[in-house]
Amino acid sequence: MNVQDYVRKRFLPHLWCPGCGHGTVLNALLRSVDELGLPKEDIVMVTGIGCSARMAGYVDFHTMHTLHGRALAFATGIKMSRPELTLIVPMGDGDALAIGGNHFIHAARRNLDMTAIIMNNHIYGMTGGQFSPLSGPGTTATTAPRGSIDPAFDAMDLAKAAGATYAARTTTFHVRELQKMLTGAITHKGFSVVEVFSQCPTYYGRKNNTGDAPEMLKAFRDGTVKIGSKELEENPELIPRGVFVDRDAVDYGEAYAELCRNAVSEAP
Amino acid sequence: MKDIRFVQGNEACTLGALYAGMDFFAGYPITPSSEIAEMLSGELPPRGHTFIQMEDEIASLCAVIGGSLTGKKAMTATSGPGFSLMQEALGYAVMTEIPCVIVNVMRGGPSTGLPTQVSQGDVNQARWGIHGDHAIITLTAGSHQALFENTVRAFNLAETFRTPVILLYDELIAHMRERLEIPPEGEIPLVERLMTSVPRDVDYRPYLAREDGRLPMSDFGGAHRYNVTGLYHDMWGFPSTDPSVVRGLLSHLVEKIEGREDELTFTREYEIADAETLLISYGSAARTARQAVYEARDKGVRMGLLELETLWPFPERKVRDALGKANETVVVEMNLGQVFEQVRRVARHPERVFLANRIDGRFITPPDIRRVLRIIAGKGVWA
Amino acid sequence: MLKLIFTGIGGQGIITAGIILAEAAVLEEGRFATQSQSYGAEARGGLTRTDVIISDREVLYPKIEQAHVLAALHQRGYTAHTGALRPGGILIFDEEAVKVDDKTDARRIPMPILENGRGANITLLGILCALTAAVDPEAVRRILHRRYGEGSENDEAFDRGLSLVSERGYSTLSVGSRP
Ligand SMILES: Cc1ncc(C[n+]2csc(CCOP(=O)(O)OP(=O)(O)O)c2C)c(N)n1
Ligand code: SF4
Ligand SMILES: [Mg+2]
């Protein structure tokens, strides 16, 4: 299939700003789905609210555009009801880890079989450039004119500690890597997380004098490095990319199915 | 043989939900509703149905909506603090027209309030807890038999009107035990989801209502791929800010409920025909009111009771009809007058409507009602 | 109509006793009954109370202000709830654990209830059945069998309660009121 076949053409052009990284994530995701040969009717995309969440409108899957931060909770209901469906849940950084942080850690803890994508532009794009819990100290934002003092989460540490069985990080500069990770995450049985640094030239870029999209991408290239690499050892201040967690564990759906089976057999 | 049980109200509600075919429950423990989740955690798995304890009430209602969208009869149960947390998702269910049942076993509020005591303070929250104009269905019950029936009814109405239905009852009903007769299967008709007849690969418009206002549904993840959003949306479910789309959707959402008062409002009448004094009550307070009616009748006083089982949409016509015959009306409830205000609003003579209430976490008594009647009669209170 | 209050402390099975009695009236005798109990703050410190109303008509108002019977298995329960016994009502209490105030206007029935250990609550039911004819003892027994199976130690505890009444020389009292 052609990647274009996964898109609802009547909703294009999309609403993202020129140079926005979110489109790159969409592209990589569609390529990954195409590569896996997943039928459109087996895929459910659930999103919250934010620029990132707009993705639900553009793809020709079963799509649900829900509430800010709550996408994983809705997705949990869908997955428990229809375990055979493939669930993909793209979220903004604020969506996933500020307002939705609780749902994120609990979905990871349960190890529900679904893929969470954190489209991390280090800012609240949709609402006009306020800082997020992934912005980090020193980030300038419309609610941090003197620079944020808020420490940032490391999404990978958080995912790992909470029990995610697959966790990977990359950026919109590393498109091939991104596609590979998405493929790895979707095929992984259990809760998988892919964090993608995505550029928001409109707010993050402007507020932090990073230059426009190409320059922001260059910063992703230069500011990140593969985990386990020599380069990282020499430059520990760089941000590691790669697969941080990939392990097998019983996923919640399986565990629940077994609970049901046992409950039936113990019945008189 | 009749299936008679001696159960708590929360069990009556649970049994009603199972009778209605509820096959998806997500919840978070909170007094005085927890018995529902406890019982379902045992009942649902052997049936192969979903029970999940979520991380909070927000997640619970979100999961319920997800479960329902994929074809399940879904329910959650909570109390005031949890119901407050659910408001955003409740609005989403209203906007996206996803059927579900939300049980709110009332406790005294605001805040943590009186977790284990009786109150009826959430009547207005059920109506207006969510932001924006909307309509909502809220049922209540004053006995376990009625609770069972109204739980089934809640699912039926949710499916018929594709809307969340709130089942609001109080701690006294929740925890008290009394007789419940479970009707044989089939005795109470069940409404199953109206499914679309549009075949696969033909343009299905999930938000195009039929002439009768009903929306045929396609299970999410099934034959039709469509979009669901809490934004104003067109008949395909895609966001729209077109004024005619916005006006059309909002009026549809309101009209499908407000326009069907007669189908949606349920009441019970006791000794009303010749009543000079009319009591209006609901939930456990209606038990006290009925007791007061019988005690009055024993003394030859013409008193009657209109018991409301639908709180929203407010049964305006039925209340107005009943008011017309009485000299004075006393609303009996355990709050500061939430239904009282509605009765006054619809009354032709609001000055003849009075309130007998309690707000201290104690169950309202027949003497509480008689005291108000004495004041109305100009006899004062014999303190 | 018969209104009974059982009170004691957590672990004595007071609530279960109330449920069994009401259940027997409803399921075995086809009558009406309500059972309710205090929760939360009121029930803190382990004090428990259950209200049972048995009637031939639907019971509307389930709380008891004036009980026909108060059964107390603990001093604190007695102290806290004795005011809810109507004047001249029946007061059943454990003769070791509860000291009844001389001024209490009640027909006092001191009984060795708690010496029956874990079955004490069921012994209380036996006493109640024999003393008040609130519910047919055979109806209660059938509920006991349904809950615990036949020949459980609860059967013995129940019989002990029934025989205590005659052993102590009491005959069946007439209690209750028209609905
Ligand atoms: C309950 C609630 N609070 C606040 C908002 C406003 N809001 C919408 S999107 C958003 C943040 C978006 O940032 P992020 O999640 O990082 O996504 P992005 O737009 O950057 O992709 C906020 C605060 C909302 N919609 N709902
Ligand atoms: S505001 Fe930022 S995140 Fe949102 S579309 Fe524009 S560039 Fe992208
Ligand atoms: Mg963001």
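So, how was this worked out
- Residues numbered from 1 in each chain as written.
- Chains lettered and ligands numbered in written order.
- Predicted model: local features only at pLDDT ≥ 70, side-chain atom pairs only at ≥ 80, totals over all residues.
- Heavy atoms only, no water.
- Helix = DSSP H or I, 4+ residues; strand = E, 2+ residues; numbered from the N terminus.
- Rg over C-alpha atoms; globule rule 2.2 N^0.38 Å.
- Contact = heavy atoms within 4.5 Å.
- Areas by Shrake-Rupley, 256 points an atom, 1.4 Å probe, with all protein chains shown as cover.
- Lys, Arg positive; Asp, Glu negative; His and termini not counted.
- Charge placed at Lys NZ, Arg CZ, Asp CG, Glu CD.
- pLDDT = per-residue confidence, 0-100.
- Near = heavy atom within 4 Å.
- Polar contact = N/O pair within 3.5 Å; in protein donor to acceptor, adjacent residues only side chain to side chain.
- Pairing = 2+ DSSP bridges.
- Axes fitted to C-alpha atoms, helices over the stretch in contact; angles between N-to-C directions.
- Buried < 20%, exposed > 50% of the residue type's maximum accessible area, 1.4 Å probe, protein only.
- Buried area = accessible area lost by both parts, 1.4 Å probe.
- Salt bridge = Lys/Arg side-chain N within 4 Å of Asp/Glu carboxyl O.
- Nonpolar A, V, L, I, M, F, W, Y, C, P; charged D, E, K, R; others polar.

Student: Sorry if this is basic, but what is going on with the overall build of chain A here?
Tutor: Broken down by element type, chain A carries 11 helices and 8 strands. In summary, chain A has a C-alpha radius of gyration of 18 Å against a globular reference of 18 Å for 268 residues, a match within 12%. Contacts in chain A between residues far apart in sequence, at least 24 positions, make up 67% of those at least 6 positions apart. Summed over its atoms, the accessible surface of chain A is roughly 11000 Å², and 54% of this surface lies on carbon and sulfur atoms. Within chain A, one finds 26 positive and 28 negative side-chain charges whose respective centroids are separated by 5 Å.

Student: Explain the confidence of the model for chain B here, please?
Tutor: Low pLDDT marks regions whose predicted coordinates should not be analysed in detail. When pLDDT is averaged along chain B, the result is 97, and 100% of the positions lie at 70 or above. This prediction of the complex comes with two scores: 0.97 for pTM and 0.97 for ipTM.

Student: Hey, could you run me through the site of ligand 1 in this one?
Tutor: Taken together, 18 residues lie around ligand 1, and C51(A), S52(A), D93(A), D95(A) and G125(A) are the ones closest in. More than one chain lines the surroundings of ligand 1; the residues nearby belong to chains A and B. Between ligand 1 and D93(A) there is a distance of 2.6 Å, counted from an oxygen atom to a side-chain nitrogen or oxygen. Contact distances for ligand 1 include 2.9 Å between an oxygen atom and a backbone N or O atom of G125(A).

Student: For this particular structure, what's the right way to read the sheet that holds strand β13 (residues 310-312) of chain B?
Tutor: Picture the strands of a sheet paired through backbone hydrogen bonds; they go either parallel or antiparallel. All names here are of chain B. Spatial ordering of the open sheet is given by β3-β2-β4-β5-β7-β6-β13, a layout of 7 strands whose pairing is mixed. Edge positions in the sheet fall to β3 (50-53) and β13, since each has one partner strand and no second. Neighbour to neighbour, the strand axes of the sheet diverge by 20 degrees on average, direction disregarded. Pairing of strand β2 (residues 24-27) with β3 involves 4 bridges; the strand directions are parallel. Looking across to β3, one finds that F25 is bridged to F51.

Student: Help me understand the environment of M64(A), please; the structure alone is not making it clear to me.
Tutor: Residue and element names in this part refer to chain A. Position of M64 among the secondary structure elements: in strand β2 (residues 62-65). Note on M64: relative accessible area 0%, which makes it buried. It is 4.7 Å that separates the C-alpha atoms of M64 and V46, two residues lying 18 residues apart in sequence.

Student: Teacher, can you tell me more about the pairing of strand β2 (residues 32-37) of chain C here?
Tutor: For a regular strand, side-chain orientation follows a simple rule: the groups alternate between the two sheet faces. All names here are of chain C. Counting buried residues along β2, 5 of its 6 residues qualify, which places the element largely inside the surrounding structure. Relative to strand β3 (residues 47-55), β2 runs antiparallel, the two sharing 6 bridges. Across the sheet, residue Q37 finds its bridge partner in β3, namely T50.

Student: What is the right way to read the interface of chain A and chain B from this model?
Tutor: Reports often express the size of an interface as the amount of accessible area lost when the parts come together. Contact with chain A, which involves 37 residues of that partner, is made by 41 residues of chain B. Summed over both partners, the interface of chain A with chain B buries about 3200 Å², with 60% contributed by carbon and sulfur atoms. Among the residues of chain A in contact with chain B, H62(A), H65(A) and L67(A) are the three that bury the most area, contributing 16% of the side total. Seen at the junction of chain A and chain B, the total is 3 salt bridges. D60(A) is the salt-bridge partner of R225(B), the closest N and O atoms lying 3.1 Å from each other.

Student: How do you make sense of the interface of chain C and chain B when you look at a structure like this?
Tutor: Contact with chain C, which involves 23 residues of that partner, is made by 24 residues of chain B. Interface of chain C and chain B: buried area, both sides summed, is about 1900 Å²; carbon and sulfur atoms make up 62% of it. Across the pair R290(B) and E58(C) runs a salt bridge, and its minimum N-O distance is 3.0 Å. Our enumeration of links across chain C and chain B arrives at 5 residue pairs in polar contact (both at pLDDT 80 or more). The set of elements that each furnish at least two residues to the side of chain C that touches chain B consists of α1 (14-28) and β2 of chain C. Take the side of chain C that touches chain B: its biggest share by element is 6 residues, from β2(C). In terms of residue class, the side of chain C that touches chain B is built from 12 nonpolar, 5 polar and 6 charged.

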